[in-house]
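This is what each chain is made of:
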Amino acid sequence: MRDLSNKKVLIINTGGTIGMKNTREGYAPVSGYLFGELKKIDDLNREGMPKWDFVEISPLLDSSNISAPQWNNMAKIIADSYCDYDGFVILHGTDTMAYTASALSFILHGLDKPVVLTGSQIPLCDVRSDARDNLISSVIIAGDSIVKEVCLCFGGKLLRGNRSTKTSADTLVAFDSPNYPHLAEIGIAVKYNHSALSKQNGSSLEYLPFSAVPIGVLKIFPGMQFGLFEDIITDKLSAVVLETFGAGNIPHSGDDLLPIIKKAFKAGAVVVVCSQCVAGSVTLGAYQTSTALKNAGAVSGKDMTTESAVAKLYHLFSMGYTTDKIKSLMEQDLAGELTY
Ligand code: ASP
């Protein structure tokens, strides 16, 4: 391992299983507990490792309770201490880690230091915990200054944050990025995949917080009665991500959905078509069943994850862009989140 003892990393604890204790109501995060446990990990404090500081958000949260205010808070902590550290590690629950990673990739515009999200499936102090390896690898990657983007380190893989998705509720390799190569494989050494890493263009960091944008995600299923969803799509939401079949297909079901989408556009809402498949891309117009969506004004989420599509919608609406601009930008690559 390279000598990283002259590097400094900030560890930001947000909660999640990694720092949880077993309470009477089940696993829950406990304030002030994790810092003491990290100080006891010899490898984290060994010569050659980066120096690290530790901050904790309050209250600590199960990641099911994390959304835009906490994303903004994490990004603000990083923006405010950006010059003081070589990299950042965010300890986070696994359930919504891919959403947070996607969100931070838009909030932290022009990032040129590593921001590494990690956590564990088993709490740090339980037998067979995966926390120690995930944490130590993340601190090394954050101190290494090779990655210049938001990434997710878990189960021996380093993934682009806004391409990652949680693929397992119970295995220790819980994440993958099916539509993007791994940024590194973490074996005996950390082997970076240099051609997959984001190249920064020298722009400086800008903090672009999210506002509370009403967004919906609707999963299409066989026999779905679209009419029942009409009020939600048209009146209350700024944007809807449709999780469709395969390359972007929906059942015709008497063509119920199309008038709803047309109405949604008139009301200023954006409808984005993603796929229920974890790998591959939406190609609107490839099948008759998706051409209609395109003609009604829906935009293609291409090979974006649902997590990324949601985060990108938060970002674009928070920027105050017009609906037409948002529709156009949804189909363009802004932060490495889509391929074409
Ligand atoms: N419910 C937990 C969380 O997401 C699960 C975990 O951390 O693995 O916070």
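Everything that follows concerns the structure shown earlier in this document.
K.L.:
Outline the site of the ligand, supporting the account with residue identities and numerical values.
P.N.:
Close contacts around the ligand come from Gly16, Thr17, Asp62, Ser63, Gly93, Thr94, Asp95, Ser120 and Gln121, and that covers them all. At 2.9 Å from an oxygen atom of the ligand is found a side-chain nitrogen or oxygen belonging to Thr17.

K.L.:
Describe the nonpolar core, naming the residues involved and giving the relevant values.
P.N.:
With 52 residues, the main nonpolar core has Trp71, Leu313 and Met330 as its most contacted residues. Excluding anything up to four places from it in sequence, Met330 contacts Val272, Val299, Ser300, Met304, Ala309, Lys312, Leu313, Leu316 and Leu338. Membership of the second largest hydrophobic core comes to 33 residues, among which are Leu4, Phe54, Leu135 and Ile141.

K.L.:
Requested: an account of the sheet that holds strand 15 (residues 215-219), with residues and values cited.
P.N.:
On the basis of which strands lie adjacent, the open sheet formed by 4 strands has the order 15-16-17-18 and parallel pairing. Each edge of the open sheet carries a strand with a single partner, namely strand 15 and strand 18 (299-300).

K.L.:
Account for the sheet that holds strand 8 (residues 150-154), with residues named and values stated.
P.N.:
Two strands in a sheet stick together by hydrogen bonds in their backbones, pointing the same way (parallel) or opposite ways (antiparallel). Taken in spatial order, the 8 strands make up an open sheet running 4-1-5-7-8-9-12-13, and their pairing is mixed. Every interior strand has two partners, whereas the edge strands, strand 4 (51-61) and strand 13 (190-192), have only one. Ignoring strand direction, the axes of neighbouring strands in this sheet form an average angle of 20°. In this sheet, strand 13 lies alongside strand 12 (residues 184-186) in antiparallel orientation, the contact comprising 3 bridges. Following the sheet pairing, Ala184 is matched in strand 13 by Tyr192. Docked against the sheet, helix 3 (residues 97-107) engages strand 5 (87-91), strand 7 (115-118) and strand 8, running at close to 155° with respect to strand 8.

K.L.:
Let's hear about helix 6 (residues 257-266): which residues, and what values?
P.N.:
Turning to helix 6, its buried residues number three or more, namely Leu257, Leu258, Ile260, Ile261, Ala264 and Phe265. Around the axis of helix 6, the buried residues are gathered within 160° of arc, so they sit on the same side. Packed against the buried residues of helix 6 are helix 5 (230-236), strand 16 (239-244), strand 17 (270-275), helix 7 (288-296) and helix 9 (323-330). After helix 6 finishes, the residue Gly268 shows a positive phi value of roughly 90°.

K.L.:
I'd like to hear about the pattern of salt bridges, residue by residue, with values.
P.N.:
The full count for this structure, using the stated rule, is 13 salt bridges. Between Glu37 and Lys40 there is a salt bridge, and its shortest N-O distance comes to 3.1 Å. Given the relative accessible area of 58%, Lys40 is considered exposed. Its salt-bridge partner being Glu230, residue Lys263 comes within 2.6 Å of it at the nearest N-O pair. Of this pair, Lys263 sits in helix 6 while Glu230 sits in helix 5, and the two are 33 residues apart along the sequence. According to the relative accessible area criterion, Lys263 is partly exposed, its value standing at 43%. Several salt bridges converge on common partners, so that one network encompasses Asp43, Arg46, Arg132 and Asp133.

K.L.:
Let's hear about the environment of Pro209: which residues, and what values?
P.N.:
When you line up the elements, Pro209 lands in the loop between strand 14 (206-207) and strand 15. When the C-alpha positions of Pro209 and Val173 are compared, they lie 31 Å apart, and in sequence the two are 36 residues distant. Dropping the residues within four chain positions of it, Pro209 is found in contact with Asn72, Ile107 and Ser318.

K.L.:
An account of the pairing of strand 5 is requested, with residue identities and associated values reported.
P.N.:
The buried fraction of strand 5 is high, at 5 of 5 residues. Of the two faces of strand 5, the one holding Gly87, Val89 and Leu91 and the one holding Phe88 and Ile90 are both buried throughout. Here 5 bridges tie strand 1 (residues 8-15) to strand 5, and the two strands are oriented parallel to one another. Among the inter-strand pairings, Ile12 is bridged to a residue of strand 5, identified as Ile90. Sheet analysis places strand 5 next to strand 7, joined by 4 bridges and oriented parallel. When the bridges of strand 7 are listed, Ile90 appears paired with Leu117.

K.L.:
Tell me about helix 3, residues and numbers included.
P.N.:
In an α-helix, one turn spans 3.6 residues; hence positions three or four apart end up facing the same way. Burial runs high along helix 3: 10 of the 11 residues are buried. Every buried residue of helix 3 is accounted for by Met97, Ala98, Thr100, Ala101, Ser102, Ala103, Leu104, Ser105, Phe106 and Ile107.

K.L.:
Run through the packing of helix 6 against helix 7, naming residues and quoting values.
P.N.:
Running from amino to carboxyl end, helix 6 crosses helix 7 at an angle of 25°, the nearest separation of the two axes being 9 Å. Judged by the angle between their axes, helix 6 and helix 7 are roughly parallel. The way helix 6 lies across helix 7 gives a crossing that is right-handed. Residues Leu257, Leu258, Ile261, Lys262 and Phe265 of helix 6 lie in contact with helix 7, whose contacting residues are Ala292, Leu293 and Ala296. Of the residues assigned to the contact of helix 6 with helix 7, the class counts are 7 nonpolar, no polar and 1 charged.

Calculation criteria
Residue positions are given per chain, counting from 1 as you read along its sequence in written order. Local features in this predicted model are restricted to residues whose pLDDT is 70 or higher, and side-chain atom pairs enter the listing and the counts only when it is 80 or higher, whereas totals over whole chains, interfaces and linings include all residues. Each side-chain value is worked out from all heavy atoms of the structure, with water and hydrogens disregarded. What makes a residue near a molecule or strand is one non-hydrogen atom of that residue sitting within 4 Å of it. Polar contact is the term for a pair of N or O atoms within 3.5 Å; when the atoms are in protein, one must be able to donate a hydrogen and the other to accept it, and sequence-neighboring residues count only if both atoms are side-chain atoms. Nine residue types can take part in a nonpolar core, namely buried Ala, Val, Leu, Ile, Met, Phe, Trp, Tyr and Cys, and a core is a set of them joined through side-chain atoms within 4.5 Å. Each residue is placed in one exposure class: buried if its accessible area under a 1.4 Å probe, protein chains only, is under 20% of its type's maximum, exposed if it is over 50%, and partly exposed if it falls in between. Residue contacts are counted whenever heavy atoms from the two residues lie within 4.5 Å of one another. When DSSP locates at least two bridges between a pair of strands, those strands are taken to pair. Every helix listed is a DSSP run of H or I at least four residues long, and every strand listed is a run of E at least two residues long, numbered separately from the N terminus. All axes are obtained by fitting lines to C-alpha atoms, using only the stretch in contact for helices, and the reported angles, taken between N-to-C directions, cover 0 to 180 degrees. What the arc covers is the set of directions going from the helix axis to the C-beta atoms. What counts as a salt bridge is simple: a side-chain nitrogen of Lys or Arg found within 4 Å of a carboxyl oxygen of Asp or Glu. Note on angle classes: values under 35 degrees are labelled roughly parallel, values over 145 roughly antiparallel, values of 65 to 115 roughly perpendicular, and the remainder oblique. A crossing counts as left-handed when the near helix is turned anticlockwise from the far one by less than a right angle, and as right-handed when that turn is clockwise. Residues are sorted three ways: Asp, Glu, Lys and Arg are charged, Ala, Val, Leu, Ile, Met, Phe, Trp, Tyr, Cys and Pro are nonpolar, and all the rest, Gly among them, are polar.

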